[in-house]
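Working through the structure, step by step
One letter stands for each residue in the lines below.
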Amino acid sequence: EDQVTQSPEALRLQEGESSSLNCSYTVSGLRGLFWYRQDPGKGPEFLFTLYSAGEEKEKERLKATLTKKESFLHITAPKPEDSATYLCAVQDRGTGKLIFGQGTTLQVKP
Amino acid sequence: DGGITQSPKYLFRKEGQNVTLSCEQNLNHDAMYWYRQDPGQGLRLIYYSQIVNDFQKGDIAEGYSVSREKKESFPLTVTSAQKNPTAFYLCASTVRRAHAELSNQPQHFGDGTRLSIL
């Protein structure tokens, strides 16, 4: 069964304290892995798509990487405005559907 | 600006009542989706549509219905058969690949409707 697990569920960082969020997945055939950011009461905002193991993408303080079993979202020198819930989703090659993880809620304190 | 508009932002349902959530997009996307989000859980797919006048059930379609009469619009009805409707409902859209496959392009989301029971 296709499954996506994100860890940790919640993460508290001091401003400037770098860390990583994990997304482990089991899918019969990966078409793509997506990272989203979600602010409270809002819809998810697209960040990155990764398609193959070894691929990396960057946007400001965020860098996403992909292996055959997991993806990491690295946050370098975070700021309070980076506080949000980060969602990971994989797209199954056979069905095309997105399977979402539960999310990691990040809080960055000044 | 192009985007996805969901309305209303908040909705209350009385017992035995059907309610309809609106989703409109001006991105010229073919495929549209409805998800349900509960605290501590990932988004779960309710229904999706790849083209006008066609839609398929997702993983949790029971108690819900949809229509796709126009490319821009994909309304979701939460029927009285849905016994636990309290949740945050999200609509999304994306481009569709030429050969009727679900696109591997990212889905773009609206800002959701929060549904509660009175």
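So, here's what we can say about the structure. (Residues numbered from 1 in each chain as written. Chains lettered and ligands numbered in written order. Predicted model: local features only at pLDDT ≥ 70, side-chain atom pairs only at ≥ 80, totals over all residues. Heavy atoms only, no water.)

Residues and elements named next belong to chain B. Position of His29 relative to the elements: it lies in the loop between β3 (19-25) and β4 (31-37). Polar contacts involving the side chain of His29 include one to the main-chain amide nitrogen of Thr94, which spans 3.3 Å. In this view, His29 contacts Arg68, Lys71, Ser93, Thr94, Val95 and His108; residues no more than four positions away in its chain are not counted. (Helix = DSSP H or I, 4+ residues; strand = E, 2+ residues; numbered from the N terminus. Polar contact = N/O pair within 3.5 Å; in protein donor to acceptor, adjacent residues only side chain to side chain. Contact = heavy atoms within 4.5 Å.)

Residues and elements named next belong to chain B. A cluster of nonpolar side chains, Tyr10, Phe12 and Leu118, forms an exposed patch at the surface whose accessible area comes to about 390 Å². Tracing the backbone through its elements, the reader meets Phe12 in strand β2 (residues 10-13). We classify Phe12 as partly exposed; its relative accessible area is 48%. (Patch = residues over 30% accessible without salt bridge, like charges linked within 9 Å, V, L, I, M, F, W, Y side chains within 5 Å. Areas by Shrake-Rupley, 256 points an atom, 1.4 Å probe, with all protein chains shown as cover. Salt bridge = Lys/Arg side-chain N within 4 Å of Asp/Glu carboxyl O. Buried < 20%, exposed > 50% of the residue type's maximum accessible area, 1.4 Å probe, protein only.)

Looking now at the sheet that holds strand β8 (residues 70-75) of chain A. Residues and elements named next belong to chain A. Ordered by their spatial adjacency, 5 strands build an open sheet running β1-β3-β8-β7-β6, and the pairing between neighbours is antiparallel. What marks the edges here is a single partner per strand, and that holds for β1 (3-7) and β6 (56-59). The sheet shows a mean angle of 15 degrees between the axes of neighbouring strands, direction not considered. Relative to strand β3 (residues 19-26), β1 is paired through 5 bridges, and the arrangement is antiparallel. Its bridge partner lying in β3, Thr5 is registered against Ser24. (Pairing = 2+ DSSP bridges. Axes fitted to C-alpha atoms, helices over the stretch in contact; angles between N-to-C directions.)

Moving on to the side chain of Thr85 of chain A. For Thr85 of chain A, the location among the structural elements is in strand β9 (residues 84-92). Dropping the residues within four chain positions of it, Thr85 of chain A is found in contact with Tyr36, Arg37, Gln38, Gly103, Thr104 and Thr105 of chain A.

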